[in-house]
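# Descriptive structure summary
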Amino acid sequence: MSVKFLVPEINKERWAEEFKYKMSIRELKSKDLSNIGAETNYEQKINKFKNGSIPSLDCFLTLCRFFNLPPDSFLFAKPKWVECDIDFWKAGISNNRLLGVYNNDFYVIPNYKEKESDIKSDCDQVYGITFMKKEPNPSFFKDFLLYGTEYDLNERVEDGKIIYRFPYVNDEKTSEKIFSLLEKKKFSNKQIQTLLDITPQSLTNRKRKKQSWTVKDIYKLSWILNSPFESLVEIDYREETRESLFDPIVFIMHYQGEYEEDEGER
């Protein structure tokens, strides 16, 4: 059975533009971001971000807290359909994620009711399944924000500003969590390699905890598994704290239903 998953590649140009914009509106220089997290951000590294380089996972989570942005709204997607030979029903994928069927291919998206209703308006419905007349253009979903996230309950608010602790990714626990979720969904090694566009050796290194997961990996997995970005990451914290730039009310959960349903199935 052929299933096509909507998978995001990171739009590096838009990421660089957003990063530079967030710095410019606060009149920040590269050196101002040198000590905001568990790892030192040298000016050369910050300048690379301005040119489209994607930070390490630790650094990216720190930037999210510093600028008070949910990960999904700090990244921009270049969505694409990735074909994967998998049994839709045995994988335990929620029916609510099935956009429809075209040429016997099942098209799976994260929960996205607004866009879904637009696409399904010109389709045939047979026994509750949508049969599409053409393959949906993945760029239709380029501005899709799956959901935001919430700060850990241990974050503090003082005078209307968040005082955040340095996030530090626990690579071992993160890897265990991700492979546990993939196993429950019955993804094979070959299917994981296909969906994430990684080599067999790279997957083996992740399983043996010799290679860390990247922002690119977690972004893809969040759409594939329909889970909030940070729910896939096990975060430890350093004792050092810094003050976030923006009002904490910006950092809110946008999405509930589908994720809670999927959690109930696990």
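The structure presented is a predicted model; accordingly, all values stated were derived computationally and were not measured. (Residues numbered from 1 in each chain as written. Predicted model: local features only at pLDDT ≥ 70, side-chain atom pairs only at ≥ 80, totals over all residues. Heavy atoms only, no water.)

## Here we look at the confidence of the model for the protein chain
The test is simple: Every residue is assigned a pLDDT by the predictor, reflecting its confidence on a scale from 0 to 100. Two residues form a contact once any of their heavy atoms are found within 4.5 Å.
Here the protein chain averages 83 in pLDDT, while 81% of its residues score no lower than 70. Per-residue pLDDT stays below 50 along residues 251-266; that stretch engages in 41 contacts with residues further than four places along the chain or on separate chains.

## Quick notes on the pairing of strand 3 (residues 98-102)
Walk down a regular strand and you will see the side chains alternate between the two sheet faces. The condition is simple: Each residue gets one of three labels from its accessible area relative to the maximum for its type: buried under 20%, exposed over 50%, partly exposed in between, using a 1.4 Å probe on protein chains only. Note on conventions: DSSP H or I runs of at least 4 residues are helices, E runs of at least 2 residues are strands, and numbering of each starts at the N terminus. Each pair of strands is called paired provided DSSP finds at least two bridges between the two strands.
When you tally the buried positions in strand 3, you get four out of five residues, the bulk of the element. For strand 3 and strand 4 (residues 105-108), the ladder comprises four bridges, and the chain directions are antiparallel. Across the sheet, the residue bridging to Val 101 is Phe 106, located in strand 4. Once strand 3 ends, the chain turns through two residues before running back antiparallel as strand 4, passing Asn 103 with a positive phi of about 50°.

## Describing the packing of aromatic side chains
Selection rule: Pairing of aromatic side chains requires ring centres within 6.5 Å, counting the rings of Phe and Tyr and the six-membered ring of Trp. Pairs whose planes differ by under 30 degrees are stacked, by over 60 edge-to-face, and all others tilted. Either the NZ atom of lysine or the CZ atom of arginine qualifies as a charge over a ring when it sits within 6 Å of the ring centre and within 35 degrees of the ring normal.
Enumeration according to the criterion identifies 17 aromatic pairs in this entry. An angle of 25° between the planes, with centres 5.5 Å apart, marks the rings of Trp 15 and Phe 19 as stacked. With Trp 15 and Phe 19 both in helix 1 (residues 12-25) and four residues apart, the pair spans about one turn of that helix. The exposure class assigned to Trp 15 is buried, which follows from its relative accessible area of 0%. Centre to centre, the rings of Tyr 164 and Phe 166 are 6.4 Å apart; their planes meet at 40°, and the pair counts as tilted. The residues Tyr 164 and Phe 166 share a single accessibility class, namely buried. Put simply, the rings of Trp 15, Phe 19, Phe 49, Phe 60, Phe 66, Phe 67, Phe 74 and Phe 229 pair up and form one aromatic cluster. One residue, Arg 206, lies across the ring of Trp 213, its end atom 5.1 Å from the ring centre.

## Quick look at the packing of helix 7 (residues 189-196) against helix 8 (residues 200-207)
The criterion, for reference: Axis lines are fitted to C-alpha atoms, over the contacting stretch for helices. Their N-to-C directions set the angle, which ranges from 0 to 180 degrees. Roughly parallel here means an angle under 35 degrees, roughly antiparallel means over 145, roughly perpendicular means 65 to 115, and every remaining angle is called oblique.
Where helix 7 contacts helix 8, the two axes come as close as 10 Å, and the packing angle between them is 110°. Overall, the two elements helix 7 and helix 8 adopt an arrangement that is roughly perpendicular. Along its contact with helix 7, which presents Asn 189, Ile 192 and Gln 193, the element helix 8 presents Pro 200, Leu 203 and Lys 207.

## So, helix 1
Stated precisely, the cut-off is as follows: Multiplying 1.5 Å by the residue count of a helix minus one yields the expected span of that helix. An arc is given here, and it is the one of the directions from the helix axis to the C-beta atoms. Throughout this description, a polar contact denotes any pair of N or O atoms lying within 3.5 Å of each other; where both atoms belong to protein, one of them has to be capable of donating a hydrogen while the other can accept it, and for residues adjacent in sequence the pair is counted only when both atoms sit in side chains.
Between its terminal C-alpha atoms helix 1 stretches 20 Å, which fits the 20 Å expected from 14 residues at 1.5 Å a residue. When we look at burial in helix 1, the residues that qualify are Trp 15, Ala 16, Glu 18, Phe 19, Lys 22 and Met 23. Within helix 1, the buried residues cover an arc of 165° as seen down the axis, which keeps them to one side. Here the buried face of helix 1 lies against helix 2 (43-50), helix 3 (57-67) and helix 4 (71-74). In this structure Asn 11 caps helix 1, since a side-chain oxygen of it lies 3.2 Å from the backbone nitrogen of Glu 13. Positioned one or two residues after helix 1, Glu 27 has a phi angle of 55°, which is positive.

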